[in-house]
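# Understanding the architecture of this molecule
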Amino acid sequence: MSTETVLRRLVDQAVEAAIHEGITHSDELDAEAVIRITSALRAELAETKEPERRQRDLEYVLHTFGVDMALRLSQGIAIASDSNNDSGSNNDGDQATALAGILALIDISAVLSDSGVLDASLAFTLLEEIMDMVDMVRAGDIFGHIERRASFLRRGVSATGGKGVVMLRMCNGLLRRIPQSTMSEFAGRVQIFVANTFTLSERSGVNLRGDTDTMHVAKADDAIDDPLYKSFWLLQRYFADPKMLQTGDATKAFVDAATVTVDEFRRTINSRVPPISLDPTGKENLRHLTAPALFRMQLADTMV
């Protein structure tokens with residue numbers, strides 16, 4: 001029996017044990033339980049005379065396992081779209097099994113990496129490839145597991161090397177693929193995960209040159225003769241390009257506009273105007289509505 005066959009059998013057994021014992025469903029990763037169910041794997045590595053080669057073999061087997069599960073997820077979706085109800089039910093079961101296998105793979109690879117058995121960045125390397133293979137809905141399910149395991153996965157993370165670089169690459173890849181108009185909440189979760197992983201002073205997240213985005217500033221109707229309306233939307237220009245405050249009387253204009261706006265906020269905080277309904281799922285198309293007719297209602301609505 002070949003080395004890869006032996007390792008694959010042991011990996012399958014460890015994954016089945018993780019699913020059966022409910023390790024993948026716990027809010028916190030039970031590292032001791034994972035170490036216990038992977039004892040045969042670790043013993044196989046310890047008995048070899050070429051530990052580095054066997055380590056590479058195991059990393060390859062874990063990689064192929066992840067690819068197999070991701071293919072089952074993606075192919076199951078394609079098959080279900082062209083099948084009848086009975087076949088669709090079977091595909092749903094296959095996809096659930098494949099998803100559970102991926103979650104178990106994350107836990108196993110994370111613990112083995114943390115204990116020094118495997119490469120430290122392996123978990124995120126596997127996740128990066130799996131995320132590229134599945135649709136955004138499944139990617140969201142997998143990312144939810146990453147969020148639950150955040151404290152464990154972030155151990156020893158640095159933005160300048162190791163698994164931190166792989167994690168950033170994976171998250172940036174997700175952000176490029178996530179449709180902002182329909183899955184903005186998912187995009188926000190990814191950004192929050194990255195922000196909570198690194199310190200505010202981390203160089204990769206600091207705007208060292210002070211670049212600003214002046215291409216997407218909300219444009220108000222200049223023909224409207226309403227001091228509050230003009231003041232409120234004038235503030236957006238300064239927020240989008242703070243360097244404007246360094247020119248002429250810009251600072252005084254900003255303070256005056258902010259004073260008018262804040263005073264009106266205080267007067268309307270207890271307004272009885274019916275609130276505007278927003279979609280809490282994050283699927284709304286986010287953009288600034290600058291129509292003068294909506295302005296007073298927006299100002300009175302605490303949800304906007």
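For the structure given in this document, a descriptive report is provided here. (Residues numbered from 1 in each chain as written. Predicted model: local features only at pLDDT ≥ 70, side-chain atom pairs only at ≥ 80, totals over all residues. Heavy atoms only, no water.)

Turning to the side chain of Glu-59, a few remarks are in order. The topology assignment puts Glu-59 in helix 4 (residues 51–81). Look at Glu-59: it is buried, it has no salt bridge, and the nearest opposite charge is Arg-56 at 7.2 Å. At 2.9 Å, the side chain of Glu-59 forms a polar contact with the backbone nitrogen of Asp-119. Aside from chain neighbours lying at most four places away, what touches Glu-59 is Leu-118, Asp-119 and Leu-122. (Helix = DSSP H or I, 4+ residues; strand = E, 2+ residues; numbered from the N terminus. Buried < 20%, exposed > 50% of the residue type's maximum accessible area, 1.4 Å probe, protein only. Lys, Arg positive; Asp, Glu negative; His and termini not counted. Salt bridge = Lys/Arg side-chain N within 4 Å of Asp/Glu carboxyl O. Polar contact = N/O pair within 3.5 Å; in protein donor to acceptor, adjacent residues only side chain to side chain. Contact = heavy atoms within 4.5 Å.)

Between helix 7 (residues 136–148) and helix 10 (residues 184–197), whose axes approach to 11 Å, the crossing angle comes to 30 degrees. On the basis of the axis angle, helix 7 is roughly parallel to helix 10. Relative to helix 10, the crossing made by helix 7 is left-handed. Counted together, Met-136, Ala-139, Gly-140, Phe-143, Gly-144, Ile-146 and Glu-147 of helix 7 and Phe-186, Arg-189, Val-190 and Phe-193 of helix 10 form the full contact between these two elements. Residue composition of the contact of helix 7 with helix 10, grouped by class: seven nonpolar, two polar and two charged. (Axes fitted to C-alpha atoms, helices over the stretch in contact; angles between N-to-C directions. Parallel < 35°, antiparallel > 145°, perpendicular 65-115°, else oblique. Left-handed = near helix turned anticlockwise from the far one by under 90°. Nonpolar A, V, L, I, M, F, W, Y, C, P; charged D, E, K, R; others polar.)

A few words on helix 7. One turn of the α-helix equals 3.6 residues, which is why residues spaced by three or four share an orientation. With 13 residues, helix 7 extends 18 Å from end C-alpha to end C-alpha; this agrees with the ideal 18 Å at 1.5 Å per step. The set of residues buried in helix 7 consists of Met-136, Arg-138, Ala-139, Gly-140, Ile-142, Phe-143, Gly-144, His-145 and Ile-146. (Expected span 1.5 Å × (residues − 1).)

Our next topic: the nonpolar core. Core analysis: the largest hydrophobic core is formed by 65 residues, its most contacted members being Ile-142 and Leu-174. Setting aside residues up to four positions removed in sequence, Ile-142 forms contacts with Leu-99, Ile-102, Leu-103, Ile-106, Leu-127, Ile-130, Met-131 and Val-134. Within the second largest apolar cluster, six residues are counted, among which are Ala-218, Leu-228, Tyr-229 and Phe-295. (Core = buried A, V, L, I, M, F, W, Y, C linked by side-chain atoms within 4.5 Å.)

Overall, the coordinates contain 13 salt bridges when judged by the stated rule. The partner of Asp-256 in a salt bridge is Lys-252, with the nearest N and O atoms 2.9 Å apart. Of this pair, Asp-256 and Lys-252 both sit in helix 12 (residues 250–268), four residues apart, roughly one helical turn. Residue class for Lys-252 comes out exposed when judged on its relative accessible area of 56%. In this structure, a network of salt bridges that share partners links the residues Arg-8, Asp-12 and Asp-68.

What follows covers the packing of aromatic side chains. Applying the stated criterion to the full structure yields six aromatic pairs. A centroid spacing of 5.5 Å and a plane angle of 75 degrees characterise the contact between Phe-143 and Phe-193, whose relative ring orientation is edge-to-face. You can see Phe-143 sitting in helix 7 and its partner Phe-193 sitting in helix 10, a full 50 residues away along the chain. Residue Phe-143 is classed as buried on the basis of its relative accessible area, which comes to 0%. Taking the centre distance of 5.6 Å and the plane angle of 90 degrees together, the rings of Tyr-238 and Phe-254 count as edge-to-face. Placement of the pair is Tyr-238 in helix 11 (residues 227–240) and Phe-254 in helix 12, with a sequence separation of 16 residues. Among the aromatic residues, ring-to-ring pairing joins Phe-143, Phe-186 and Phe-193 into one connected group. If you follow Arg-154 out to its NZ or CZ, it ends over the ring of Phe-193, 4.7 Å from the centre. (Phe/Tyr/Trp six-rings, centres within 6.5 Å; stacked < 30°, edge-to-face > 60°. Lys NZ or Arg CZ within 6 Å of the ring centre and 35° of its normal.)

Across the interface, helix 6 (residues 122–133) lies against helix 9 (residues 163–177) with an axial gap of 9 Å and an inter-helix angle of 15 degrees. Overall, the two elements helix 6 and helix 9 adopt an arrangement that is roughly parallel. Of the two possible hands of crossing, helix 6 and helix 9 adopt the one that is left-handed. Only Lys-163, Val-166, Met-167, Arg-169, Met-170, Leu-174 and Arg-177 of helix 9 make contact with helix 6, whose side of the interface consists of Phe-124, Thr-125, Leu-127, Glu-128, Met-131 and Asp-132.

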